[in-house]
Structure formats: structure tokens, C-alpha cells
Amino acid sequence: MLVFPNHVRVYVDESGDLGFGPKASRVFVVSYLIPQNIWDLHKALSRLRKRLVGDGKLLGSEFKFSRDSEVVRKKVLSLLASINMDIGIVAIEKVSVKQELREIPTRLYNYLVTHYIVSNILAYSPERIEIIVDKSMHKEAQQEFNKYLQNKIGWKFLVEHGMRVPECEVTHKNSQEEVCLQGADYVAGAAFKKFEHNDSSYYDLIKHKIRFKNSWGDIVW
């Protein structure tokens, strides 16, 4: 049985890119969902998806913020706002990224995804952590990410805070197979709209659920 907060499960996704060319995004956003009851989140999103597909309002087999209509976006975000969970967001202006990190985007990604999430999870004093991320990396990158995360957890819990190191499991899933990852995609998309395009209409629907906020540069929450 999953018992929050002893057992913390985190769903992670991002929006934007880590390129630095003229066509690259100005910001990069990582979002993560920490539900108190994963089954409540999974069931609510699955039911909404089934209903919207039946009504012909949802195209495709999954929620996708970048593709879905305004009607669907607002329904999904309003649902997420009603679920008992914590939301975290990491938002960076890429002009603030040091040159050495710009040259190694995988290292930058691993740091942004793991450092703040692990630091903030300390608040729960968990005995077990599960991190679920979108399966977008190749096998070697997945292995590097998993190792980086395990090292980060050991350092943050034991070395910095003298806490027992929790068990940790990292899973890379296809978002089509995991509706809770689709929820993380939606939060990332809403935050990206706010910080990249100065459109807070979607972000405002879930802002009261955001417990953890971390940023680089001149991000205005």
C-alpha cells in the first residue's frame, strides 16, 4: 500500500527546450506532481479523458497541452486544481545559464530535474521515493539520469541533512501509458505559457496548488 508521505511518488515533465540558438525558447520549465493518493489522480484524469473522447472534444489518445483545445485545457487544469496534491515548478531564463552548462545539455537537464525535486522532497521525510519521467531519453541517457538522481538523493539526505537515505525507484514511461504524466505535461505547458508568452490564464487555474517554486533569472511568479 502506498502511504503518503512515507511513500512519495513524483510525476515529472517539462516544456520548452534546452537549445540556445535563435529559434530556441527563452525559458525552460520543469513541472512535477506529488499526489497524496495516486489512484485519485489517475482515476480522475482517466475518467475525464474517457468523457472528452466520447464527446469528441479530445483528439488523440492522451492529454497534450500543446495540442489540445482551450476547452480541454481548462477542464484538465480545473480538475488538477481539485486534486489533493502538491505541485512543483522549476523555471529558468536560459540567458542565466552558465556557458559550461550550455555545452552539455544532458548535465543541465539532469541538474534541473533532480536538484530541486530532491531538495523539496526532504520536507516529507519519505522512506521511499518513486520518480516517473517521460520516456524521451535514449538508454545511455536514462542510465546516466538514474545514477545522477541516486547520487543526488544520497548527498542531499545523508551528507547535507544527516537523514536516512530513502529507497528510490526511477521509471521512464511513455506518457500515452501513464495519464498522471499527462497531468505533469499540462502543468508544464501552463507555466510555459506564463513565462514564455506572458499568458497566465492557464497557470492561474492551478497556481494555488504550487507548493514548490524554483527559478533562475528574472522569472516573475
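Remember, predicted model here, so these are calculated numbers, not experimental data.

*Asks:* If you had to explain helix α6 (residues 179-197) to someone new, which residues and values would you point to?
*Replies:* Across its 19 residues, α6 extends 26 Å between first and last C-alpha, which sits within 8% of the 27 Å expected from 1.5 Å per residue. Judged by how many residues are buried, α6 sits mostly within the fold: 17 of 19 residues are covered. At the C-terminal side of α6, Asn198 shows a positive phi close to 60 degrees.

*Asks:* Which residues make up the side chain of Ser25, and what are the values?
*Replies:* Mapped onto the elements, Ser25 comes out in the loop between β1 (7-16) and β2 (27-35). Taking the relative accessible area as the measure of exposure, Ser25 reaches 11% and is therefore buried. Contacts of Ser25, omitting those with residues within four sequence positions, involve Gly16, Asp17, Lys94, Phe192 and Glu196.

*Asks:* An account of the sheet that holds strand β3 (residues 85-93) is needed here, citing residue identities and associated values.
*Replies:* Pairing between the strands of a sheet comes from backbone hydrogen bonds, and it takes one of two forms, parallel or antiparallel. In spatial order, the strands read β5-β4-β1-β2-β3-β6; together these six strands make up an open sheet with mixed pairing. Of all the strands in the sheet, just β5 (167-173) and β6 (210-216) have a single pairing partner and so form its edges. Within the sheet, the average angular offset between the axes of one strand and its neighbour, ignoring direction, is 15 degrees. The sheet contact formed by β3 and β6 spans six bridges and is parallel.

Rules behind the numbers
- As a convention, each chain's residues are numbered from 1 in the sequence order in which they are written.
- Per-residue local features of the predicted model are confined to residues with pLDDT of at least 70, and side-chain atom pairs are confined, for both listing and counting, to 80 or more; whole-chain, interface and lining totals are unaffected and use all residues.
- By convention in this description, side-chain values take in all heavy atoms of the structure and omit both hydrogens and water.
- Numbering goes from the N terminus for both helices and strands, where a helix is a DSSP run of H or I of at least four residues and a strand is a run of E of at least two.
- In this analysis, the expected span of each helix is defined as 1.5 Å times one less than the number of residues it contains.
- Type-normalised accessible area, obtained with a 1.4 Å probe on protein chains alone, sets the label of each residue: buried when under 20%, exposed when over 50%, and partly exposed for intermediate values.
- Any two residues whose heavy atoms approach within 4.5 Å at even a single point are treated as in contact.
- Two strands are said to pair when DSSP picks up at least two bridges between them.
- Axis definition: a line fitted to C-alpha atoms, limited for helices to the stretch in contact. Angles are taken between N-to-C directions and run from 0 to 180 degrees.

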